[in-house]
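Here are the chains, one letter per residue:
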Amino acid sequence: MSLKEKAAITGVGETAYTRMSGKSVLALQLEASLNAIADAGLSPKEIDGIIPYSNSPVVAEDFVTNFGISDLRFSATAPLGGASCVAAIQCALLAISGGVCSNVLIPIGRNGSSAGRIGTRVQQMPQFKVVGEHEMPVGAIAPAQLYAPMARRHMELFGTTSSQLGEIAVSTRHNAILNGNGMMTKPLTLEDHQASRMISDPLRLYDCSLESDGGAAIIVSGADRARDLRKPPVYVMGVAEGHPDSPSVITQRPDMTRLGIAKAAPKAFAMAGVLPGDIDVAEIYDCFTYIVLCQLEDLGFCKKGEGGPFVASGAIRLGGKLPINTHGGLLSQAHMVGMNHIVELVRQLRGEAGKAQVRGAEIGLVTGYGDMGDGSVAIMRRG
Amino acid sequence: MAMTAETYLKPVPEPTHESRPYWDGLKSGRLLLQKCGQCGKIRHYPRPICDVCYSFEVNWIEASGRGTVHSWTITHHAFNPGFKLEVPFILLTIDLDEGVRVQAPLRGAREADVKLGLPVRIIFEQAKHDLVTPACVVAS
């Protein structure tokens, strides 16, 4: 049985994205969830499945309590770090197509800016225990340092440049400003990117994503139910997750320039029955600029090693061949663990993306990237 | 300030049952690697079983300490106060001659010296009184 179009995204919601929310993580998640539920035209009591974020203190029980849900039929987590939100869509499709539940809430929310530096908290997470023992003591502590050698090797093997990475930061910033709910509100030039301080070479400040407060949520509903809800359904045509070789340690990975999404992408495209050339708009997980470039290759939008010239050609800008991160991404809108990418893709396919609307967008793609290289991808179409 | 046990701010490894011989080896100036007791595959970082034959049998072998540069990063931002006095520092990902990789800071070399395939040699640094960590230098 294929999961193709067994379910649709029927509701999306967000809070404001800020540096200091002044709200609890639970309140942020409830606010975003209520917005998504209202967007779908559902009642909170109609939520019968919940997939909370595994790195969050908020659990399914919190929603049962606050929404007065009387018959929660399904809860699970998809522990793939930044790939969790898109991987959770796969979980939701499995649960819905198996007849277990009908309307699955996937919430996220965090005080990632005001409650402490996420960038250096990773060592407390179990999926980082091996690097915690062997690499943090010699100096590789934060994700920027752990991921930089992947970017450096790509540069040395394929001639990728810092300016090419900068193009990703610049075009993403442009889109964040159009969005209006982005933390970064001033234009960024390539010169600004090149002048920004080095964090862990080759990654500069503007190659790194934000630390943010806020919440975002989506509702996944069975295809039959979706047709009767408030907004046009956005059908999930294909979805998959992929785990790289040596999933916990980048250092030991046979090919450091391939991410887990390289394994997921062919499965998702096959399920959807479309090719990379059919994608009108893509929201690509962008914890770091290089991770975007590598995923574009692993997804098949260009060949391995050609990501640099591909992005430098302007292909990823609005009006380009493959507009990406039309909301401003993690780099310039907010770091909502990629839930904001799903929200944006749904809006694009509904024609609700405002100034950043890709005209005629019918088929889109969204990715997640997490921990040391886990990947997830979903391909959607407007109903 | 003197680097006493109380002021050591860098992350400290917590050896596991499987990795303790590795950390003990560093203390005696030896880079030890796990070699499968059944099929002979060398693996790193230390873990309970061989991913080829699933044997729990392990022999510890002393690595040559020789390798070449697979990739690197030069860290300019101290994410931990223990590295504040060291930035910028060069951290290498090294292909050991034994077929596994290690990560180690490069000492006594300039940024411009680093390139893929550069031969390096592991050295041992007394990080604190009961901890030795690997570092490396360009091989002569």
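As the structure is a computational prediction, the values presented were derived from the model and not from experiment. Every chain is numbered independently, its residues counted from 1 as its sequence is written. Lettering of chains starts at A and numbering of ligands starts at 1, both following the order in which they are written. It should be noted that, the model being predicted, local features are given only for residues of pLDDT at least 70 and side-chain atom pairs only at 80 or more, the latter also being counted only at that level, while totals for whole chains, interfaces and linings use all residues. Only hydrogens and water are set aside; all other atoms, that is, all heavy atoms of the structure, feed into the side-chain values.

### Overview of the overall build of chain B
Going along the chain from the N terminus, every DSSP run of H or I of four or more residues is numbered as a helix, and every run of E of two or more is numbered as a strand. Tallying secondary structure elements over chain B gives 1 helix and 8 strands in all. Secondary structure elements in chain B, listed N-terminal to C-terminal, are α-β-β-β-β-β-β-β-β. Against the compact-globule benchmark of 14 Å for 140 residues, chain B has a radius of gyration of 16 Å, which places it among compact chains. Counting only C-alpha atoms and orienting by the principal axes, one finds that chain B spans roughly 50 × 35 × 25 Å. Counting only residues that meet the buried cut, chain B has 43% of its 140 residues in that class. Any pair of residues with heavy atoms lying within 4.5 Å of one another is described as a contacting pair. Counting contacts in chain B only where the partners sit at least 6 residues apart, residues at least 24 apart contribute 51% of the total. Residue burial considers only the protein chains on display, and all accessible areas are found by Shrake-Rupley using a 1.4 Å probe. Put simply, chain B shows about 7200 Å² of open surface, and 52% of that area lies on carbon and sulfur atoms. For a compact globule the rule gives 2.2 Å times the number of residues to the power 0.38, and the radius of gyration it is set against comes from C-alpha atoms. Type-normalised accessible area, obtained with a 1.4 Å probe on protein chains alone, sets the label of each residue: buried when under 20%, exposed when over 50%, and partly exposed for intermediate values.

### What to know about the environment of Phe310(A)
Along the chain, Phe310(A) falls in helix H11 (residues 307-312). For Phe310(A), the contacting residues outside a window of four places in its chain are Leu296(A), Phe301(A), Cys302(A), Ala315(A), Ile316(A), Lys321(A) and Leu322(A).

### Description of the pattern of salt bridges
Salt bridges are defined by distance alone: a side-chain nitrogen of Lys or Arg within 4 Å of a carboxyl oxygen of Asp or Glu. Evaluated as defined, the whole model comprises 26 salt bridges over all chains. Salt bridges here are not isolated pairs; linked through shared partners, they connect Asp39(A), Arg230(A), Lys231(A), Arg350(A) and Glu352(A).

### Quick word on the side chain of Asp298(A)
Residues and elements named next belong to chain A. Turning to its location among the elements, Asp298 is positioned in helix H10 (residues 289-298). One polar contact links Asp298 to Lys304, side chain to side chain, over a distance of 2.9 Å. Beyond its immediate sequence surroundings of up to four residues, Asp298 is in contact with Thr257, Arg258, Leu259, Ile261, Ala262, Ala265 and Lys304. A 3.5 Å cut-off defines polar contacts: any pair of N or O atoms within that distance qualifies, except that in protein one atom must be a possible hydrogen donor and the other a possible acceptor, and neighbouring residues in sequence count only when both atoms are side-chain atoms.

### Examining the domain arrangement of chain B
Where interface size is quoted, it is often the accessible area lost as the parts come together. Residue and element names in this part refer to chain B. Here the bounds of each domain stem from an automatic or database domain assignment. Along its sequence, chain B is organised into domain 1 (18-62) and domain 2 (64-140). Computed over C-alpha atoms, the centres of domain 1 and domain 2 are 21 Å apart. Across the contact, 13 residues belong to domain 1 and 15 residues belong to domain 2. Between domain 1 and domain 2 the total buried area reaches about 1000 Å² when both faces are included, carbon and sulfur atoms providing 75% of it. The interface formed by domain 1 and domain 2 includes 0 salt bridges. In short, buried area is how much 1.4 Å probe accessible area vanishes from two parts on joining, totalled over both.

### Quick look at the sheet that holds strand E11 (residues 374-382) of chain A
Residue and element names in this part refer to chain A. Strand pairing requires that DSSP identify at least two bridges connecting the strands. Pairing is mixed in the open sheet, where 9 strands are placed in the order E3-E2-E4-E7-E1-E8-E11-E10-E9. Of all the strands in the sheet, the pair left with one neighbour each is strand E3 (74-75) and strand E9 (281-283). Where strand E8 (residues 234-242) lies against E11, 8 bridges are found, and the strand directions are antiparallel. Each bridged residue has a counterpart across the sheet, and for Val236 the counterpart in E11 is Met380.

### So, the pairing of strand E4 (residues 103-111) of chain A
All names here are of chain A. Of all the 9 residues making up E4, 9 are buried; the element is thus mostly covered by neighbouring parts of the structure. Burial of E4 is two-sided: the residues Asn103, Leu105, Pro107, Gly109 and Asn111 facing one way and the residues Val104, Ile106, Ile108 and Arg110 facing the other way are all buried. With 2 bridges joining them, strand E2 (residues 49-50) and E4 adopt parallel strand pairing. Bridging across to E4, Gly49 finds its partner in Val104. The pairing of E4 with strand E7 (residues 213-222) spans 9 bridges and is antiparallel. From the neighbouring strand, Ile108 faces E7, where its bridge partner is Ala216.

### Digging into unusual backbone geometry
All names here are of chain A. Omega for the peptide link from Asp201 to Pro202 comes to 10 degrees, which places this bond in the cis form. Topologically, Pro202 is positioned in the loop between strand E5 (198-201) and strand E6 (203-204). One non-glycine residue, Glu5, adopts positive backbone phi at about 55 degrees. Not every positive phi belongs to a glycine, and Asn325 is a case in point at roughly 45 degrees. Among the residues examined, Asn325 registers a relative accessible area of 0% and is labelled buried.

### Brief notes about the packing of aromatic side chains
Aromatic ring pairs are described here by two measures, namely the spacing of the ring centres and the angle between the planes. Aromatic rings from Phe, Tyr and Trp, taking only the six-membered ring of Trp, are treated as a pair when their centres fall within 6.5 Å; an angle between ring planes under 30 degrees marks them as stacked, one over 60 as edge-to-face, and anything in between as tilted. Scanning all chains against the criterion turns up 6 aromatic pairs over all chains. When the ring of Tyr285(A) is compared with that of Tyr369(A), the centres are 6.5 Å apart and the planes differ by 40 degrees; the resulting orientation is tilted. Here Tyr285(A), found in the loop between E9 and H10, pairs with Tyr369(A), found in strand E10 (residues 363-370); they are 84 residues apart in sequence, far enough to count as distant. Judged by its relative accessible area of 3%, Tyr285(A) falls in the buried class. Ring centres 5.1 Å apart and planes at 75 degrees place the aromatic pair Tyr22(B) and Trp23(B) in the edge-to-face group.

### A word on the interface of chain B and chain A
Contacts between the two partners involve 35 residues from chain B and, on the opposite side, 32 residues from chain A. Regarding the contact of chain B and chain A, the summed buried area is about 2800 Å², with carbon and sulfur atoms giving 59% of it. When residues of chain B are sorted by the area they lose upon contact with chain A, Tyr45(B), Phe79(B) and Arg101(B) head the list and together hold 25% of the total. Summed over the shared surface of chain B and chain A, the number is 0 salt bridges. Between the two partners, chain B and chain A, sit 18 residue pairs in polar contact (both at pLDDT 80 or more). Secondary structure elements with two or more residues in the side of chain B that touches chain A: helix H1 (20-27), strand E4 (66-75), strand E5 (89-96), strand E6 (101-105) and strand E8 (131-138) of chain B. Broken down by element, the residue count for the side of chain B that touches chain A peaks at 6 residues, all from E4(B). Two elements, E5(A) and E4(B), share 2 bridges in a ladder whose sense is antiparallel. When the bridges of E4(B) are listed, Asp201(A) appears paired with Ile74(B).

### Brief notes about the state of the cysteines
All names here are of chain A. Counting rule for disulfides: a pair of cysteine sulfur atoms within 2.5 Å. The final tally for this structure, using the stated rule, is 0 disulfides over all chains. Left unpaired, Cys208 is separated from the closest cysteine sulfur, that of Cys287, by 9.4 Å. Given a relative accessible area of 16%, Cys208 falls into the buried group. Given the relative accessible area of 7%, Cys287 is considered buried.

### Considering the pairing of E6(B)
Remark: a regular strand shows side chains that alternate across the two faces of the sheet. Residue and element names in this part refer to chain B. With 5 of 5 residues buried, E6 is to be regarded as a mostly interior element. By the alternation rule, side chains of E6 split into Arg101, Gln103 and Pro105 and Val102 and Ala104, which are all buried. Pairing of E5 with E6 involves 5 bridges; the strand directions are antiparallel. For Asp95, the partnering residue across the bridge sits in E6 and is Arg101. Counting the residues between successive antiparallel strands, the hairpin from E5 to E6 contains 4 residues, one of them, Gly99, with a positive phi of roughly 95 degrees.

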